[in-house]
Amino acid sequence: MKKLIFTLLISAALTGCGDEILDFRNAEMSNGLIYSQGENKPFTGGVTNIPLNSIPTKDLSGMLQFVTRVTNDQSLSQLFMVGSIASLMGNSSSSAIMCDALVKEGYLSGQAQCFTTSGRLGVMDVDYVDGNIDGGVVFYSLKDKTKSMLAEAEFTGGKLNGELKAYGLKSNKLVSSTIWVGGVLNGVAETFSDETQKLVWKATLVDDKLEGDVEEYDHSSGDLVKTTTYKSGVKVEPQSVSASKEGCYDSWMSAYRKEVGDEAAITSDQISEWEQWCIEGKTPEA
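Residues numbered from 1 in each chain as written. Predicted model: local features only at pLDDT ≥ 70, side-chain atom pairs only at ≥ 80, totals over all residues. Heavy atoms only, no water.

Participant: Explain the packing of aromatic side chains here, please?
Facilitator: Ring pairs (aromatic) are described by centroid distance and by the angle formed between their planes. All chains considered together, the criterion is met by 2 aromatic pairs. With 5.5 Å between their ring centres and 90° between their planes, Phe66 and Trp180 make a pair best called edge-to-face. Of this pair, Phe66 sits in helix α2 (residues 61-71) while Trp180 sits in strand β12 (residues 174-181); the two residues are 114 residues apart in sequence, bridging distant segments of the chain. The exposure classification of Phe66 matches that of Trp180, with both residues buried. Measuring from centroid to centroid gives 4.5 Å for Trp252 and Trp277, while their planes differ by 45°, and the two rings are tilted. Separated by 25 residues along the polypeptide, Trp252 in helix α4 (residues 241-260) and Trp277 in helix α5 (residues 268-279) bring together distant segments of the chain. For Trp252, a relative accessible area of 14% puts it in the buried group. Residue classification places Trp277 among the partly exposed positions, given a relative accessible area of 22%. (Phe/Tyr/Trp six-rings, centres within 6.5 Å; stacked < 30°, edge-to-face > 60°. Helix = DSSP H or I, 4+ residues; strand = E, 2+ residues; numbered from the N terminus. Buried < 20%, exposed > 50% of the residue type's maximum accessible area, 1.4 Å probe, protein only.)

So, in structure tokens, the structure goes:
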């Protein structure tokens, strides 16, 4: 039934164009282009039952790894692994994932809808332009047959570009939101509890590196419990107030000794003055 619906959708999209629907069993590939068997001109139309290893998917690997980690949903990555093993063995016919897609002049151009070979469960929807992943990408969880969304994102020229949202294994609610630019994390990243949907972690990343305050919250109450500061991905160790003051006093004393000599007496008035300057944030270098 699902295959019939997709075939009808493709037919509707191609109405008036004179294009065809081709089962991949009757297709052949050359230099990355899809042809109808025996034809010299690249195919244009709808192609059904394309094995996963016959369409461009390598640009999805980073997204899949990230989503698997933040959701702890292994179902999709395991299925991809089965497909990769079949590809390495040169047996595309045993692919665990098949796709139906629109093709223009041999290249995938439009949405590809992928599903499990067994049971035709939805795996992902991927937008292509001239053979490159460009547009929306949706992953589905295989934990059940309800086609629950696992993640959604936008790609430009094969790279993550925009917000990547991932959804919880238990709740199907948002558990991670990250901003990507050209395939690199750049912007605010937030993690939410799958159980309570409360914010549990928030940070800013610049070129894949933590920058500024990283905030951690209680999973149940949502209260802020810890703040850690980073600079270019390196943790900035907090300096105690007493240590900070002591360093300030030492700098003023060193500057004073340098000016008047090591044997010069230091009065209580001088120390009080340095204390005030340190409170005001003044240093000898300023």
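Now that the structure has been shown, the text picks up again.
Participant: Please clarify how the pairing of strand β14 (residues 187-192) should be interpreted in this entry.
Facilitator: Successive side chains on a regular strand alternate, one facing one side of the sheet and the next facing the other. When β12 meets β14, the two strands line up antiparallel, connected through 2 bridges. Bridge pairing links Ser177 to Glu190 in β14. Note that β14 and strand β15 (residues 199-206) share 6 bridges and pair antiparallel. Note that in β15 the partner of Val188 across the bridge is Thr204. (Pairing = 2+ DSSP bridges.)

Participant: Just to check I follow, could you spell out the side chain of Ser148 for this structure?
Facilitator: Its place among the elements puts Ser148 in the loop between β8 (132-140) and β9 (149-156). Since its relative accessible area comes to 7%, Ser148 is described here as buried. Within the structure, the side chain of Ser148 is placed 2.8 Å from the side chain of Thr146, a separation counted as a polar contact. With near-sequence residues (within four places) excluded, Ser148 lies in contact with Phe139, Tyr140, Ser141, Lys143 and Asn172. (Polar contact = N/O pair within 3.5 Å; in protein donor to acceptor, adjacent residues only side chain to side chain. Contact = heavy atoms within 4.5 Å.)

Participant: When you look at α5 in this model, what are you seeing that I'm missing?
Facilitator: Given 3.6 residues per helical turn, the α-helix brings residues three or four places apart onto the same face. The terminal C-alpha atoms of α5, which comprises 12 residues, lie 17 Å apart, in line with the 16 Å expected from a rise of 1.5 Å per residue. Along α5, the residues that are buried comprise Gln270, Trp274 and Cys278. The buried residues of α5 occupy an angular sector of 75° when projected down its axis, which confines them to one face. Exposed and facing more than 90 degrees away from the buried side of α5 are Ser268, Asp269 and Ile279. (Expected span 1.5 Å × (residues − 1). Arc of directions from axis to C-beta.)

Participant: Explain unusual backbone geometry to me, please; I cannot follow it from the model alone.
Facilitator: If a residue is not glycine, its phi is most likely negative; likewise, a peptide bond is most likely trans. For Lys147, which is not a glycine, the phi torsion comes out positive at approximately 55°. Among the secondary structure elements, Lys147 is positioned in the loop between β8 and β9. You can call Lys147 partly exposed: its relative accessible area is 44%. Backbone geometry places Asn172, a non-glycine residue, at a positive phi of 60°. Relative to the helices and strands, Asn172 is located in the loop between β11 (162-167) and β12. Judged by its relative accessible area of 36%, Asn172 is partly exposed.

In short, the description is geometric, and any link to function would need to be established separately.
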